[in-house]
Amino acid sequence: MIQYKIREEKNGAMLFDNRKGAVTVLTEEQYQAVIHNRDPEFRYLHDAEGMPLYRVFRSGSPREQLPVDCLSAPSKVYFEITRKCNLLCKHCYNRSRINFPGEIKKEILFAIIDELELYGTFEIRLTGGEPTLHPDFFEILDYLTDRDFFISLGTNGVWDDELIQRIISSDIKTVIISLDGPVEFNDRVRGKGTYAAVTRTIDQLKRKGKMNLKMNSVLCKENLHYIDEIIDLSGQLGFDGLNIAPLRTAGRAEVLHHLSPLDSSDMYSIVSRITEQRRKKKIKIQTYFDILKSPDPVNKFPSSILNNKSCAAGIEVAAVSPFGEIYGCVVSPANTMSDNNGKKLFVAGNINEGRFIDVWLDSSRWKAYRDLALNKSTECLHCDYYSVTCFGNCVVDSYMQDGTLNSPSPLCFRDMVRKK
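Residues numbered from 1 in each chain as written. Predicted model: local features only at pLDDT ≥ 70, side-chain atom pairs only at ≥ 80, totals over all residues. Heavy atoms only, no water.

### A word on the overall build of the protein
Defined as follows: Numbered from the N terminus, helices here are DSSP runs of H or I no shorter than four residues, and strands are runs of E no shorter than two. Throughout, radius of gyration means the C-alpha value; the globule benchmark is 2.2 Å times the number of residues raised to the power 0.38. Relative accessible area decides the class of each residue, using a 1.4 Å probe on protein chains only: under 20% of the type maximum gives buried, over 50% gives exposed, and in between gives partly exposed. Residue contacts are defined here by distance: any two heavy atoms, one from each residue, within 4.5 Å place the two residues in contact. Methods summary: accessible areas were calculated by the Shrake-Rupley approach with a probe of 1.4 Å, and residue burial reflects only the protein chains presented. His residues and chain termini do not enter the charge count, which takes Lys and Arg as positive and Asp and Glu as negative. For charged residues, the charge sits on one atom: NZ in Lys, CZ in Arg, CG in Asp, CD in Glu.
Counting its regular elements, the protein contains 16 helices and 14 strands. A globule of 420 residues ought to have a C-alpha radius of gyration of about 22 Å, and the protein, at 21 Å, matches this closely. Here the C-alpha coordinates of the protein stretch approximately 60 × 55 × 45 Å along the principal axes. In the protein, buried positions account for 56% of the 420 residues. When contacts within the protein are restricted to residue pairs at least 6 apart in sequence, long-range pairs at least 24 apart make up 67% of them. Surface accessibility of the protein: about 18,600 Å² in total, with carbon and sulfur atoms responsible for 50%. Of the side chains in the protein, 55 bear a positive and 55 a negative charge, and the two mean positions are spaced by 3 Å.

Dropping the structure here:
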């Protein structure tokens, strides 16, 4: 495996540790010093004889022609390889259950993977649906491994013994598993017996595997009072990190109406509790609008490289649906089956239209994500927190609220903090 990757950008470069999954931004001066081996700070990137321990990736376009509002290639791509799923979660944003006709074949996936390797994408995340149910899952996994990608997996974790052992033996570096609280709530939302099945999988991965484990929890009004228990649970189960995501009323959540979305007061309460818990816990916790002062930044996830002004979607990361659509955010209206205005707004292209990189570098296709004049709320642009500790309104939240990209976020609790 290549230990380090360096991808040339319009200005400077990105340095990626392919074993740890860590990214360092290099200035142009640092980049030139690295490739000419004249900076002691980066001497570790060469062996004793001065030979590079890294591979350099460059765009197919001249640097001066690269867009100013995105990376030269996505650092991470989410491959939603199937909508098939073994669960029927009440809050599933894309209503995963069966594999639909027209899901892309592995040969097309391989072609995209080859292209992403050529232009220096660092990480591929396999997701779904439940990605392990794809008939060619392990063949896809082997293909990614042979091309030195950092591989992560988003899963519900309801696996049998054989699957657990095959995952443990694989080259997957990070596994993200969903749990929404203690057994009574989790099983109410995800299905009876899921808590026991998932915690059994986690125990096996923690005892026998070498990958990092992250827990993903969807919060709504019905489980926000479990926030302390969720944090404790993530630590007890041995997770390396916890991601708190607010419920979005899309997909099955929009149809069933069994769960209620959070409001700004709820979000303030959640982040307040998380901030307090960071004083006591070692686990890294990631959440929305993390604008409250935390005494220990070590207990936060590192920020996205460019997300001081916007989310990483469509700027640093991209997603590919089972039907070949290319977009920025997996929970946006882009993932719907119907051809509505929301889908058209958030989809940048399709792999059947030509090269992935051509879609990526055409910023006119990504206005919903990249055009800050279009997608940022006026309130955000004039807020003291914006671009300092907050990237402003989420365009998906704004659009789902009232059909516009730049409406104030329904989850922002800035005014409550000021009153305090």
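So much for the structure itself; the text now carries on.
### Some details on the packing of helix H7 (residues 227-236) against helix H9 (residues 264-277)
Convention followed: Here an angle of 0 to 180 degrees is reported between the N-to-C directions of two axes, which are lines fitted to C-alpha atoms, with helices fitted over the stretch in contact. What sets the label is the angle itself: under 35 degrees gives roughly parallel, over 145 gives roughly antiparallel, 65 to 115 gives roughly perpendicular, and the rest give oblique. When the near helix sits turned anticlockwise from the far one by under a right angle, the crossing is termed left-handed; a clockwise turn instead gives a right-handed crossing. When residues are grouped by polarity, Ala, Val, Leu, Ile, Met, Phe, Trp, Tyr, Cys and Pro land in nonpolar, Asp, Glu, Lys and Arg in charged, and all others, Gly among them, in polar.
At a closest axis distance of 10 Å, the pairing of H7 and H9 adopts a crossing angle of 40 degrees. For the element pair H7 / H9, the angle class is oblique. When the axes of H7 and H9 are compared, the crossing they make is right-handed. On H9, the residues touching Ile227, Asp228, Ile231 and Asp232 of H7 are Ile270, Arg273, Ile274 and Gln277. Taken together, the residues of the contact of H7 with H9 break down into 4 nonpolar, 1 polar and 3 charged.

### Quick word on helix H1 (residues 28-35)
Stated formally: Of all possible arcs, the one meant is that of the directions from the helix axis to the C-beta atoms.
Every buried residue belonging to H1 is among Tyr31, Ala33 and Val34, and all of these are buried. Buried residues of H1, viewed axially, fall in a sector of 165 degrees; they line one side. Check the buried side of H1 and you find it contacts strand S1 (4-8), strand S2 (13-17), strand S3 (22-26) and strand S4 (54-57).

### Description of the sheet that holds S1
Short version of the rule: Criterion used throughout: strands pair if DSSP finds at least two bridges between them.
Read from one edge to the other, the open sheet built from 4 strands follows the order S3-S2-S1-S4, with strand pairing classed as mixed. Of all strands in the sheet, those bounded by a partner on one side alone are S3 and S4. Neighbour-to-neighbour, the strand axes of the sheet open up by a mean angle of 20 degrees, direction not taken into account. Two elements, S2 and S3, share 5 bridges in a ladder whose sense is antiparallel. Residue pairing in the sheet places Leu15 in a bridge with Thr24 of S3. Relative to S3, H1 is tilted by about 105 degrees, and along the sheet it contacts S1, S2, S3 and S4.

### Here we look at the nonpolar core
Under the convention used in this document: We call a set of buried residues a nonpolar core when its members are Ala, Val, Leu, Ile, Met, Phe, Trp, Tyr or Cys and they connect through side-chain atoms within 4.5 Å of each other.
One finds Phe79, Leu126 and Ile167 to be the most contacted residues of the largest nonpolar core, which totals 103 residues. Aside from chain neighbours lying at most four places away, what touches Leu126 is Phe79, Ile81, Pro131, Phe137, Ile140, Leu141, Leu144, Ser152, Leu153 and Gly154. Ile6, Leu26, Val34 and Phe42 belong to the second-largest nonpolar core, a separate cluster that totals 10 residues.

### Comments concerning the pattern of salt bridges
So the rule is basically this: Here, a salt bridge means any side-chain nitrogen of Lys or Arg that lies within 4 Å of a carboxyl oxygen of Asp or Glu.
Scanning the model with the defined rule gives 28 salt bridges in all. Across the salt bridge formed by Asp161 and Arg200, the nearest N and O atoms sit 1.9 Å from each other. Highlighted residues: Asp161 in helix H4 (residues 161-168) and Arg200 in helix H6 (residues 194-208), separated in sequence by 39 residues. A relative accessible area of 36% means that Arg200 is categorised as partly exposed. Of the charged contacts, one joins Asp203 and Arg207 as a salt bridge, the two residues approaching to 3.1 Å between their closest N and O atoms. Here the residue Asp203 and the residue Arg207 both occupy positions in helix H6, the gap between them amounting to 4 residues, near one helical turn.

### Regarding the packing of aromatic side chains
Centre-to-centre distance and the angle between the planes together describe a pair of aromatic rings. What counts, and what does not: Between the rings of Phe, Tyr and Trp (Trp by its six-membered ring), a pair exists once the centres lie within 6.5 Å; its type follows the angle of the planes, with under 30 degrees stacked, over 60 edge-to-face, and the other angles tilted. For a Lys NZ or an Arg CZ to count as sitting over a ring, it must be within 6 Å of the ring centre and within 35 degrees of the ring normal.
The full count for this structure, using the stated rule, is 13 aromatic pairs. Taking the centre distance of 5.5 Å and the plane angle of 65 degrees together, the rings of Tyr4 and Tyr44 count as edge-to-face. Linking Tyr4 in strand S1 with Tyr44 in the loop between H1 and S4, this pair joins segments that are 40 residues apart in sequence. Since its relative accessible area comes to 40%, Tyr44 is described here as partly exposed. Aromatic pair Trp360 and Trp366: ring centres 5.3 Å apart, planes at 70 degrees, arrangement edge-to-face. What links up through ring pairs into an aromatic cluster is the set Phe346, Trp360, Trp366, Tyr369 and Tyr399. Here the guanidinium or amino end of Arg147 rests over the ring plane of Tyr143, the centre of that ring lying 3.4 Å away. When the ring centre of Trp360 is taken as origin, the NZ or CZ atom of Arg370, which lies over that ring, is 4.7 Å away.

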